[in-house]
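As a plain string of letters, each chain reads:
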Amino acid sequence: MYAGGVGTFGSSGRTGIFKSIDVGASWALADNGITDVGFGAQPQDDFSMIIDPNNTNTLYAALGTHCGSVYKTTDGAGTWTRGSGLPCDPTVVRLDPFNSSLLYTRSAQGINNSVDGGLNWSNISSFGANSGFFALAIDPFGSNNLYANDNTGVYRSTDSGVNWALSSGALNNVYKALVSDPVRPNTVYAGEDLGIETSAYMTTNGGSTWTNITNGLPDVGVKRLLVPANDSNVLYAGTDAGVYVYGLTDNQPNTLNVPYFSQNDLLWGPTEYNHSIKLGFTNPTMDRWGCAVTSAAMVLKFHNINEFTDETTIDPGSLNNWLKNNNGYLTGKGGSGSYSYFNWPVIGTLTKQLFNVRKANIKLMHKRAYPSSNTTNLLNEDLNEFPDILKASNSQTSSHFVVAKGVSGNTYSINDPEWNHAALASFNSYTQVDRYIPSQTNFSYLVTVVNPGIELLVTDPQNNKTGKYFDNGTLQSVNEINNASYSFQEPISNPNNQNLLEDLGTGVNEFLLPEPPDGEYEIKLSSDKTEIYEINISTFQEDGNDELNKIKGVISSNNDEIIEISYSQNNTSEIKRFVSFQSLIDDINEAKNLKFIKNNGVYNSLLTKVVISQIVNQINKNVSKNFLNSLLNELNAQRGKHITEDAYQILFYDASYLKNHL
């Protein structure tokens, strides 16, 4: 927690910025680097110190009275850096909700902005110069729209602060309090602070008209107004006579009461997400990558699913740990790097387990939908009863998950686990919907993910096909299996400390099929290049029990791979990668091309053993098996020497499969 404190200069006290790490029980001065503001002036009000929602260690403070400036810290107020280019004593500092590098402040020159995260400032408008300037609000649905108030009324800019005009039907008293509504488009609230007569107004059309909402306020002036993003049913007014509440329920769209979790919470934010360290990811923490698991925790909390079977509380941190141990994350490595995938149906397995021990009153079945007119209707219907998880993007992220909890005009109100945006309008709409539907029926599922660049074509027991495949170098697409989906799932992305976008691995090609019928399935893997791959196949039974198979292989444009699945909704499914003498020969050649076999003599010896085994197989299968045994022995002898571990696992599987199926 941070605060601007006011004390007496000298041994008995000090004025400046204070920090508490024990929820306000104790406070310590945190003004290292603020050396040119006299004895250190406090931020003048709550508008002049803000925390960057993208990085909670980054704060900005507008300091004044001794020729101050806007200061920035990136280490939680450990050290502050003074911004350049501002005249003395700016007031108000605001952060663009869509671009964390863009900030606004007001100084004696007027409106100033910074496009590099507060390091350098430029004057962009004379509005507010040498006047009683009180507040600045940014439209959370479109940051080109700014609102400000001085001692002549409320003004609006539609070009990011360059030009300003008194809003139509403008208020012309001293309205010091000003705030934009976080979930209602074009809605702004203003409060008068003359100290002798109180009034409060709201506009729902961007300032064209204003409605008086003063009823119930005392005649002492409104100092501050607030609509909390996580409780947008009320408007709070801070006055000299206390805090007053104005109900916004009549104006509030239908919104579900979804409890909020932040992936940045100190209880789990610094902990490892998934098995990121093992996979070689940098900054492997929940506060970087935990948007999907945090969203899932909010959905569980909404359904009053609060404890695991051992009575541990379910929150993003404990759910992350449970997923690590229960096939909740599918991981793999390939030629282009590592991937990490959130295994969506596993949440249904958890709810089934908790239902069976009476720690849940409901079971949740996963279904996927992609944007369309039908999906919009489906999403709107869902939000009358239960929340959905949406994947979205904007300038800060190319793949991020939020919880949709209600329809709000032409957008959706959301719980955003990372930046706490209140509406989907802060993103570029949505690109998929992951639904957790209350159900008592069938939880069976087939989930298959593999490295990008490796395409999957799945054939079901009725010979229907869904997926993609390379045909003479041309990528073909098929979509015949009912309820199946095949897509590239982008990796979760997030800006780093330098505000550069980073991805969590490579992403995956993904095949999903809820309630697959029993029978024989074939997965054909194809590629237009030679590379190693790792495929995850997760088979869920009708009761939600999950089995995971991980298979490594090597593939080229001339060598498709075949995986066979004998799927059962009620019994263990059998999964095997089909191997022939020719595919083993191809794998040896491809491993050599990838330099996974590092010695020509070893390569020639392995290839010779396979060729001889193939020739004699038609005459004497036992002799053929002996040559394969010899190949297996050589693989064991050369493992980690002239043969890499990846090549060893692939070729050992190949030779063992052939030996057992001759």
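Structure shown above.
Only a predicted model underlies this, so the values are computations on that prediction, with no experimental measurement involved. (Residues numbered from 1 in each chain as written. Predicted model: local features only at pLDDT ≥ 70, side-chain atom pairs only at ≥ 80, totals over all residues. Heavy atoms only, no water.)

1. Overview of the nonpolar core
Moving on, step 1. In terms of nonpolar packing, the biggest core is built from 47 residues, with Leu-319, Leu-323 and Phe-342 touching the most fellow members.
Moving on, step 2. If you tally residues by element for this core, the top one is helix α3 (residues 291-302), at 8 residues.
Moving on, step 3. When residues no more than four places from it in sequence are discounted, the contact partners of Leu-319 are Val-293, Ala-296, Ala-297, Leu-300, Phe-308, Ile-347 and Leu-350.
Moving on, step 4. Counting 27 residues, the second-largest nonpolar core is a separate cluster that includes Ile-597, Leu-635, Ala-647 and Leu-658. (Core = buried A, V, L, I, M, F, W, Y, C linked by side-chain atoms within 4.5 Å. Buried < 20%, exposed > 50% of the residue type's maximum accessible area, 1.4 Å probe, protein only. Helix = DSSP H or I, 4+ residues; strand = E, 2+ residues; numbered from the N terminus. Contact = heavy atoms within 4.5 Å.)

2. A closer look at empty space enclosed by the protein
To find leftover empty space, one rolls a probe the size of a water molecule over the atoms.
Moving on, step 1. What the rule picks out here adds up to 3 cavities of 30 Å³ or more.
Moving on, step 2. Approximately 140 Å³ is the volume found for the largest cavity.
Moving on, step 3. As for the largest cavity, its lining consists of 15 residues, of which Ser-340, Tyr-341, Phe-342, Glu-490 and Ile-492 are closest to the centre.
Moving on, step 4. Elements represented by at least two residues in the lining of the largest cavity include exactly β24 (337-342) and β27 (397-408). (1 Å grid on protein atoms, 1.4 Å probe; cavity = no way out; pocket = protein on both sides within 12 Å on 5 of 7 lines; lining within 4 Å. Points joined across faces, edges and corners; volume = space filled by probe spheres on them.)

3. What about a nonpolar patch on the surface?
Moving on, step 1. Together, Leu-226, Tyr-236, Val-243 and Val-245 give the surface a local cluster of nonpolar side chains, amounting to about 370 Å² of exposed area.
Moving on, step 2. Turning to its location among the elements, Val-245 is positioned in strand β22 (residues 242-247). (Patch = residues over 30% accessible without salt bridge, like charges linked within 9 Å, V, L, I, M, F, W, Y side chains within 5 Å. Areas by Shrake-Rupley, 256 points an atom, 1.4 Å probe, with all protein chains shown as cover. Salt bridge = Lys/Arg side-chain N within 4 Å of Asp/Glu carboxyl O.)

4. What to know about the sheet that holds strand β42 (residues 574-578)
Moving on, step 1. Taken together, the 6 strands give an open sheet; going across it, the order is β33-β32-β31-β38-β41-β42, and neighbouring strands pair in antiparallel fashion. At either margin of the open sheet sits one strand with a lone partner, and together these are β33 (474-479) and β42. Sheet twist, expressed as the mean angle between neighbouring strand axes with direction ignored, is 25 degrees.
Moving on, step 2. Here 5 bridges tie strand β31 (residues 455-459) to strand β38 (residues 519-526), and the two strands are oriented antiparallel to one another. Across the sheet, residue Val-458 finds its bridge partner in β38, namely Ile-523. (Pairing = 2+ DSSP bridges. Axes fitted to C-alpha atoms, helices over the stretch in contact; angles between N-to-C directions.)

5. A word on the layout of surface pockets
Moving on, step 1. The computed volume of the second largest pocket comes to approximately 260 Å³.
Moving on, step 2. If you go around the second largest pocket, you meet 14 residues; those closest to its centre are His-275, Lys-278, Tyr-329, Thr-331 and Lys-550.
Moving on, step 3. The dominant element in the lining of the second largest pocket, judged by the number of residues it contributes, is strand β23 (residues 329-334), at 5 residues.
Moving on, step 4. Here the residues of the lining of the second largest pocket are counted per class, giving 4 nonpolar, 5 polar and 5 charged. (Nonpolar A, V, L, I, M, F, W, Y, C, P; charged D, E, K, R; others polar.)

6. Thoughts on the pairing of β23
Moving on, step 1. Most of β23 is tucked away: 5 of the 6 residues are buried.
Moving on, step 2. Bridging between β23 and β24 involves 6 bridges; their strand directions are antiparallel. Each residue of the ladder has a partner; that of Lys-333, found in β24, is Ser-338.
Moving on, step 3. Where β23 folds back on β24, the antiparallel hairpin that results is connected by 2 residues.

7. Some points on the sheet that holds strand β15 (residues 165-166)
Moving on, step 1. Spatial ordering of the open sheet is given by β12-β13-β14-β15, a layout of 4 strands whose pairing is antiparallel. Looking along the sheet, the strands with just one partner apiece sit at the ends: β12 (135-138) and β15.
Moving on, step 2. Where strand β14 (residues 153-157) lies against β15, 2 bridges are found, and the strand directions are antiparallel. Across the sheet, residue Arg-156 finds its bridge partner in β15, namely Ala-165.

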